[in-house]
Amino acid sequence: MNPNEIIYRRAVAADLETIVAMLADDHLGRMRDDPSIPLPVEYFRAFEAIDADPNQLLAVAVDGLEVVGTLQITFIPGIGRKGAWRGQIEAVRITASRRRSGLGQKFVEWAIAECKTRGCHIVQLTTDRSRVDAHRFYERLGFVQSHLGYKLQL
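Quick caveat: nothing in here was measured; it's all calculated off a predicted structure. (Residues numbered from 1 in each chain as written. Predicted model: local features only at pLDDT ≥ 70, side-chain atom pairs only at ≥ 80, totals over all residues. Heavy atoms only, no water.)

A. Fine view of the overall build of the chain. Helix and strand counts for the chain come out as six helices and five strands. Secondary structure elements in the chain, listed N-terminal to C-terminal, are β-α-α-α-β-β-α-β-α-β-α. For 154 residues, the compact-globule estimate of 2.2 N^0.38 gives 15 Å, and the chain sits close to it at 16 Å. Along the first, second and third principal axes, the C-alpha set of the chain runs to 45 × 35 × 30 Å. Taken over 154 residues, the chain has a buried fraction of 36%. Across the chain, contacts joining residues at least 24 apart in sequence account for 61% of those joining residues at least 6 apart. (Helix = DSSP H or I, 4+ residues; strand = E, 2+ residues; numbered from the N terminus. Rg over C-alpha atoms; globule rule 2.2 N^0.38 Å. Buried < 20%, exposed > 50% of the residue type's maximum accessible area, 1.4 Å probe, protein only. Contact = heavy atoms within 4.5 Å.)

This is the structure in structure tokens:
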């Protein structure tokens, strides 16, 4: 596989089973996601909402006919920083057989370029504290751990 031959595009509903399988394919995802077929209807509802929102981009990396990666970008308008837009990258996943191939780096670089195209001044992301390899990956790409984040499960 050559990461330069990969196509990056907006996800379509037919990609959903593969996307959910990638989300569930690690120690945290197994606790949070359900890749059983048929997929739970909540995934389709979420996909429809994301796909209809112009400030959301659920993307996939495709090699030939195979979806090999996914990520989601949320474009966030803000008043602070002179009305700067932010790009929030989440749920970055590469299929297990393609990890450590350079594909993840190319995909995140593509996502950053999408944020620039949309006029974002900042690109931000979060990653679970337990994902130490992911921390090193994002730092290699120039991301800086600058804030302390909090979440409230509802």
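So much for the structure itself; the text now carries on.
B. A look at the side chain of Thr-70. Considering the arrangement of structural elements, one finds Thr-70 in strand β3 (residues 66–76). A distance of 3.0 Å separates the side chain of Thr-70 from the backbone oxygen of Ala-59, its partner in a polar contact. Those residues in contact with Thr-70 that sit more than four places away from it in its chain are Ile-19, Met-22, Leu-58, Ala-59, Val-60, Ala-91, Val-92, Arg-93 and Phe-107. (Polar contact = N/O pair within 3.5 Å; in protein donor to acceptor, adjacent residues only side chain to side chain.)

C. A look at the packing of aromatic side chains. Overall, the coordinates contain five aromatic pairs when judged by the stated rule. Ring geometry for Phe-137 versus Tyr-138: centroids 5.1 Å apart, planes at 65°, classification edge-to-face. Here Tyr-138 falls in the buried class, since its relative accessible area comes to 10%. Across the ring face of Phe-75, the terminal group of Arg-118 is positioned such that the distance to the ring centre comes to 3.9 Å. (Phe/Tyr/Trp six-rings, centres within 6.5 Å; stacked < 30°, edge-to-face > 60°. Lys NZ or Arg CZ within 6 Å of the ring centre and 35° of its normal.)

D. Quick peek at the state of the cysteines. Within the structure shown, the criterion is met by zero disulfides. Here Cys-120 is not disulfide-linked; the sulfur of Cys-115 is the nearest cysteine sulfur, at 4.6 Å. Overall, the relative accessible area of 13% leaves Cys-120 in the buried class. (Disulfide = S-S within 2.5 Å.)

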